[in-house]
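Here is what each chain is made of, one letter per residue.
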Amino acid sequence: DGRLTFYPGNQTVDLPFINFMRRYGTVFLNAYTNSPICCPSRAAMWSGLFTHLTESWNNFKGLDPDYVTWMDLLEKYGYHTQKYGKLDYTSGHHSVSNRVEAWTRDVDFLLRQEGRPMVNLTGDRKHVRVMEADWRNTDKAVNWIKEEAINLTQPFALYLGLNLPHPYPSPYAGENFGSSTFLTSPYWLEKVTYEAIKIPKWSSLSEMHPVDYYSSYTKNCTGEFTKQEVRNIRAFYYAMCAETDAMLGEIISALRDTGLLKKTIVIFTADHGELAMEHRQFYKMSMYEGSSHVPLLVMGPGIKKQQQVPNVVSLVDIYPTMLDIARIPVPQNLSGYSLIPLLCGKAENEASPRGPRPSWVLSEFHGCNVNSSMYMLRTGKWKYIAYSDGHSVLPQLFDLTADPDELTNVAIKFPVIVRSLDKILCSIVNYPKVSSSVQEYNKRQFIRWKQSLGQNYSNVIANLRWHQDWLKEPKKYESAIDKWL
């Protein structure tokens, strides 16, 4: 959650290396994902293109494996490149449930797709390395800096992708039963200030926007939760962020120890945030701030120190920024704009040959746990969210200055603003048409998948993430699918 990298969010947990980057670099106060889920978000970051242009619709459908990323271009222009950890931006890498789960929103039924969110405390006060796989990848990156990077005559680009602070699969119900356990050790939990944790306000179930209700239901969050449960989920999530921060610290320390820190640009960001029980949801897949607002901090030579940038930016801006840093010509067809003018504190009129950066950012989501494609336009104090074809589901409008917790939809109160923001949105993406093509894609994928299994498809569904609900009334759900098809 990007809000943890600046005040007041950073009062809840000690993040010393994020603070180090703020002191010696620039923090973006309004950075957003272009799609609040793993694979489509990374596809936007690696391609510099909006989701509707790459057609990375869900966690199964990402970029083509041969897509030219900014790192490929850096390599072509003489950079030594190295990647460690989670990449997850090409098609086909997620499980079968990710391939077929998006169709559930188009069928007339509700199925819980996740295990109820819970917490798990492991180890003792000395247990530092909770997420062992991430630590192994961090060690690899550190060793690479100390043994390889230090001896290179050419410039380098190193990418480290962590899984933290992602919730873990719940082992008690089989590995396919959703990722819903927030796991940490007492060592990290002690970094969290419990008194500073805000318990989010919830609307009643009957007042919820229909898409929010669907999301809460499929995420198994419509039941009763005590304040202590909610506070614990949030505390454990913050503790997982503290462990992530320590991994960032290992990289910064390795660069400092080798004398490379002064001549290396370091960028810290994420694919999406975590709702951590805001709006009666956990996980992502939502346009609310907890899910769509990401961290973005940059430090290094030429980058302004102790700078806070209020402009709205998004992950598609990484591609042109990387090329700009490397002085490689930036393709004109990109959705993003270089961050270098903002990072160096230059006036916007010195910006790219494409003209000034737009005053808005776009995020869109077409995957699981929602029953409609959604499109978010953030500009100034406004956040506008349109759904589906723009008519069948009512839009939402939030004034983030007056209502930072996004509890009051003011779309009906400000019809003129809604019309003008919808006009901007339509000038960027023909969203009714995109929504329709996603629905066709979902149906095509489902038919193809169903045909590959023959009569067995219902049994396979019964072992995917929503199996506990499916098993109660399989015939009812099968006939709803037949009706849809």
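Read on for a plain summary of the structure. Keep in mind the model is a prediction, meaning the values are calculated, not measured.

Concerning the packing of helix H1 (residues 16–24) against helix H9 (residues 227–257)
And step 1. In the contact formed by H1 and H9, the axes pass within 7 Å of each other and the chain directions differ by 50°. On the basis of the axis angle, H1 is oblique to H9. Across the interface between the two elements, Pro 16, Phe 17, Ile 18, Phe 20 and Met 21 of H1 pack against Asp 245, Leu 248, Gly 249, Ile 252 and Arg 256 of H9.
And step 2. Along the lines of polarity and charge, the residues of the contact of H1 with H9 split into seven nonpolar, one polar and two charged.

Quick word on the sheet that holds strand E10 (residues 360–365)
And step 1. As summarised here, the arrangement of the four strands in space is E10-E11-E12-E13, forming an open sheet in which the pairing is antiparallel. Looking along the sheet, the strands with just one partner apiece sit at the ends: E10 and strand E13 (396–399). Sheet twist, expressed as the mean angle between neighbouring strand axes with direction ignored, is 15°.
And step 2. Taken together, the four bridges between strand E12 (residues 382–387) and E13 define a ladder with antiparallel strand orientation. In the sheet register, Ile 385 faces E13, and the bridge partner there is Gln 396.
And step 3. The strands that helix H13 (residues 415–428) touches are E10, strand E11 (374–379), E12 and E13; relative to E12, the one it contacts most, it runs at about 65°.

Thoughts on the pattern of salt bridges
And step 1. Going through the model one piece at a time under the given rule, you end up with 16 salt bridges.
And step 2. As a salt-bridge pair, Arg 3 and Glu 278 come within 2.9 Å of each other at their nearest N and O atoms. In this pair, Arg 3 is assigned in the segment before H1 and Glu 278 in the loop between strand E7 (266–269) and helix H10 (289–292), connecting sequence segments 275 residues apart.
And step 3. Relative accessible area serves as the criterion here: at 12%, Glu 278 is assigned to the buried category.
And step 4. One salt-bridge network, held together by shared partners, links Asp 1, Arg 3, Arg 234 and Glu 278.

A few points about the environment of Phe 365
And step 1. Checked against the element boundaries, Phe 365 lands in strand E10.
And step 2. The buried category is assigned to Phe 365, whose relative accessible area is 0%.
And step 3. Along the sequence, Phe 365 and Tyr 387 sit 22 residues apart, while their C-alpha atoms lie 9.7 Å from each other.
And step 4. Among residues more than four places away in sequence, those in contact with Phe 365 are Ser 35, Pro 36, Ile 37, Met 285, Met 287, Val 370, Ser 372, Ser 373 and Met 374.

Here's the deal with unusual backbone geometry
And step 1. Put simply, Tyr 7 and Pro 8 share a cis peptide bond, and its omega is 5°.
And step 2. Between Leu 164 and the following residue, Pro 165, the backbone shows a cis peptide bond with an omega angle of 0°.
And step 3. Residue placement: Pro 165 occurs in the loop between strand E4 (156–161) and strand E5 (168–169).
And step 4. Despite not being glycine, Met 277 has its phi angle at roughly 80°, a positive value.
And step 5. Tracing the backbone through its elements, the reader meets Met 277 in the loop between E7 and H10.
And step 6. When its relative accessible area of 0% is taken as the criterion, Met 277 is described as buried.

Re the sheet that holds strand E9 (residues 307–314)
And step 1. The mixed open sheet is built from four strands, whose spatial order is E7-E8-E1-E9. This sheet does not close on itself; its edge strands, each paired only once, are E7 and E9. Strand-to-strand twist across the sheet, computed as the mean angle between neighbouring axes with direction ignored, equals 20°.
And step 2. One ladder, built from six bridges, connects strand E1 (residues 25–32) with E9; its direction is parallel. Bridge assignment links Val 27 to a residue of E9, and that residue is Gln 308.
And step 3. The strands touched by H1 within the sheet are E1, E7, strand E8 (296–299) and E9, with E8 carrying the most contacts at an inclination of about 55°.

Comments concerning the pairing of E11
And step 1. Along E11, six of the six residues are buried, which leaves the element largely enclosed by surrounding structure.
And step 2. Residue alternation in E11 divides its side chains into two sets, Met 374, Met 376 and Arg 378 and Tyr 375, Leu 377 and Thr 379, and both sets are buried.
And step 3. Sheet topology note: the E10/E11 ladder contains six bridges and is antiparallel. Within E11, the position partnered with Ser 363 by the bridge is Met 376.
And step 4. Two elements, E11 and E12, share six bridges in a ladder whose sense is antiparallel. Of the residues in E12, the one forming a bridge with Leu 377 is Tyr 384.
And step 5. Once E11 ends, the chain turns through two residues before running back antiparallel as E12, passing Gly 380 with a positive phi of about 55°.

Basis of the calculations
Residues numbered from 1 in each chain as written. Predicted model: local features only at pLDDT ≥ 70, side-chain atom pairs only at ≥ 80, totals over all residues. Heavy atoms only, no water. Axes fitted to C-alpha atoms, helices over the stretch in contact; angles between N-to-C directions. Helix = DSSP H or I, 4+ residues; strand = E, 2+ residues; numbered from the N terminus. Parallel < 35°, antiparallel > 145°, perpendicular 65-115°, else oblique. Contact = heavy atoms within 4.5 Å. Nonpolar A, V, L, I, M, F, W, Y, C, P; charged D, E, K, R; others polar. Pairing = 2+ DSSP bridges. Salt bridge = Lys/Arg side-chain N within 4 Å of Asp/Glu carboxyl O. Buried < 20%, exposed > 50% of the residue type's maximum accessible area, 1.4 Å probe, protein only.

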